[in-house]
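Inside the fold
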Amino acid sequence: MTATSRTIRILRQSRPLVPRPHLPGAAGSDILSRIRADENLRDVTVILCTADDRQADYLRDQVDFILLKPVSPIQLRQIAARLK
């Protein structure tokens, strides 16, 4: 089983999803593509948390929210309020 497949299996148990964009053996864009293609995951809220602003721009269309590190408590409260 590939790292991407293992990640997808684990993510199926989480809601909302907060996948790590840099995983050993799995590209963040591959994981996000698989999430959006999976009928059990495609409608799940995906939050990307990264310190890489270029990656955030590249993946912006595949996620629902982006948090740029360092993440402040205010940002977390805003995301939580939007998820209610």
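First, a word on scope: everything that follows refers to the structure included in this document. (Residues numbered from 1 in each chain as written. Predicted model: local features only at pLDDT ≥ 70, side-chain atom pairs only at ≥ 80, totals over all residues. Heavy atoms only, no water.)

1. Brief notes about the environment of leucine 59
Tracing the chain through its elements places leucine 59 in helix H3 (residues 53–59). With a relative accessible area of 1%, leucine 59 lands in the buried category. C-alpha of leucine 59 to C-alpha of serine 33: the two residues are 26 residues apart in sequence and 9.9 Å apart in space. Excluding residues that lie within four positions of it along the chain, leucine 59 makes contacts with Ser29, Leu32 and Leu48. (Helix = DSSP H or I, 4+ residues; strand = E, 2+ residues; numbered from the N terminus. Buried < 20%, exposed > 50% of the residue type's maximum accessible area, 1.4 Å probe, protein only. Contact = heavy atoms within 4.5 Å.)

2. Notes on the pairing of strand S3 (residues 47–50)
Here S3 shows a buried face lined by Ile47 and Cys49 and a second buried face lined by Leu48 and Thr50. Here four bridges tie S3 to strand S4 (residues 65–68), and the two strands are oriented parallel to one another. By the bridge assignment for S4, leucine 48 is matched with isoleucine 66. (Pairing = 2+ DSSP bridges.)

3. Here we look at the nonpolar core
Ala3, Ile8, Ala26, Ile31, Leu32, Ile35, Leu41, Val44, Val46, Leu48, Leu59 and Val63 together form the largest nonpolar core, which totals twelve residues. Breaking this core down by element, the ones donating at least two residues are helix H1 (3–11) and helix H2 (28–37). Ranked by the residues each element gives to this core, the list is headed by H2, at three residues. Cys49, Phe65, Leu67 and Ile79 belong to the second largest nonpolar core, which has five residues in total. (Core = buried A, V, L, I, M, F, W, Y, C linked by side-chain atoms within 4.5 Å.)

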